[in-house]
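Spelled out from the first residue to the last, the chains are:
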Amino acid sequence: NAGVTQTPKFRVLKTGQSMTLLCAQDMNHEYMYWYRQDPGMGLRLIHYSVGEGTTAKGEVPDGYNVSRLKKQNFLLGLESAAPSQTSVYFCASSWVSRTSTDTQYFGPGTRLTVL
Amino acid sequence: AQKVTQAQTEISVVEKEDVTLDCVYETRDTTYYLFWYKQPPSGELVFLIRRNSFDEQNEISGRYSWNFQKSTSSFNFTITASQVVDSAVYFCALSTLSGGYNKLIFGAGTRLAVHP
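## Thoughts on the environment of Gly-77 of chain A
Residues and elements named next belong to chain A. Examined against the element boundaries, Gly-77 turns out to sit in strand E8 (residues 73-78). Since its relative accessible area comes to 5%, Gly-77 is described here as buried. Sequence-wise, Gly-77 and Gly-63 are 14 residues apart; in three dimensions their C-alpha atoms are separated by 8.6 Å.

## Some thoughts on the interface of chain B and chain A
Taken together, the contact pairs 20 residues of chain B with 23 residues of chain A. Applying the counting criterion to the chain B and chain A interface returns 0 salt bridges. Linking chain B to chain A there are 2 residue pairs in polar contact (both at pLDDT 80 or more). If you list the elements that add at least two residues to the side of chain B that touches chain A, you get strand E5 (32-39), strand E6 (46-52), strand E10 (88-96) and strand E11 (103-106) of chain B. When residues of the side of chain B that touches chain A are assigned to their parent elements, the largest contribution, 4 residues, is made by E5 of chain B. When its residues are assigned to classes, the side of chain B that touches chain A shows 11 nonpolar, 6 polar and 3 charged.

## Overview of the state of the cysteines
Residues and elements named next belong to chain B. Enumeration according to the criterion identifies 2 disulfides over all chains in this entry. Through a disulfide, Cys-23 is tied to Cys-92; the S-S separation comes to 2.0 Å. Of note, the bridge from Cys-23 to Cys-92 carries an S-S torsion of about -65° and is left-handed in sense. Residue Cys-23 is found in the loop between strand E3 (19-21) and strand E4 (24-26), and its partner Cys-92 is found in strand E10; the two are separated by 69 residues along the sequence. By relative accessible area, which is 0% here, Cys-23 ends up buried.

## Observations regarding the sheet that holds strand E3 (residues 19-25) of chain A
All names here are of chain A. One open sheet holds the 4 strands; their spatial order is E1-E3-E8-E7, and the pairing between them is antiparallel. With one partner strand each, in any of the chains shown, strand E1 (4-7) and strand E7 (65-67) form the two edges of the open sheet. Each strand axis lies, on average, 20° off the axis of its neighbour in the sheet, ignoring direction. Sheet analysis places E1 next to E3, joined by 4 bridges and oriented antiparallel. The residue of E3 that forms the bridge with Val-4 is Gln-25.

## Quick look at the environment of Gly-51 of chain A
Residues and elements named next belong to chain A. For Gly-51, the position within the fold is in strand E5 (residues 43-51). You can call Gly-51 buried: its relative accessible area is 6%. Residues Gly-51 and Ser-18 lie 33 residues apart in sequence; the distance between their C-alpha atoms is 25 Å. Those residues in contact with Gly-51, other than ones at most four positions away along the chain, are Glu-30 and Arg-68.

So, how was this worked out
- Residues numbered from 1 in each chain as written.
- Chains lettered and ligands numbered in written order.
- Predicted model: local features only at pLDDT ≥ 70, side-chain atom pairs only at ≥ 80, totals over all residues.
- Heavy atoms only, no water.
- Helix = DSSP H or I, 4+ residues; strand = E, 2+ residues; numbered from the N terminus.
- Buried < 20%, exposed > 50% of the residue type's maximum accessible area, 1.4 Å probe, protein only.
- Contact = heavy atoms within 4.5 Å.
- Salt bridge = Lys/Arg side-chain N within 4 Å of Asp/Glu carboxyl O.
- Polar contact = N/O pair within 3.5 Å; in protein donor to acceptor, adjacent residues only side chain to side chain.
- Nonpolar A, V, L, I, M, F, W, Y, C, P; charged D, E, K, R; others polar.
- Disulfide = S-S within 2.5 Å.
- Pairing = 2+ DSSP bridges.
- Axes fitted to C-alpha atoms, helices over the stretch in contact; angles between N-to-C directions.

So yeah, pure geometry; function would need other evidence.
Printed below as a string of structure tokens:
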């Protein structure tokens, strides 16, 4: 049981390049999330998904797109990378409940540098 | 507005000292959940505890304990007899049912350094 995995672990891009980050979970969770972590700011939600085929914007969605074609995978795309997107990106997943909020389990993170 | 404040940016202690990490939250929701996560130097985020707004009982897990006080909107985390392996960044987070999804609002984190 691998939990939440992320690919790649590190990446360096030039301004304007594009890339896709892959998140996979094997816990059969309905909800998946993408966060970015910047120094002194904690984690901020970029996009999230409440189920296969659905996505929604979080707190800082600009410059990113996502897709959830399969329940176990959540992709984060950068179409034209900018230096401001240099960050550590975390994927998370959780169960869904109508009566409570469930614990989010995080992947190991992807460190992205945009030059 | 929902907000989590961790006023202590960095804390440095010597091994075996007790240390308390403060967390103050803001929300208008009556139902909410509070979390603590640990981020060791390796970078992953490790879940430590989840507490709902209706349960104000303090919790102890080994050397870790949590003090939840609704009257002061605080959810503080104490490590007793700290060890070098406790060195990490600790995040407090808030989640509510507003918006219909499990949105986590994180504090900025407290970096704890435990020296031998």
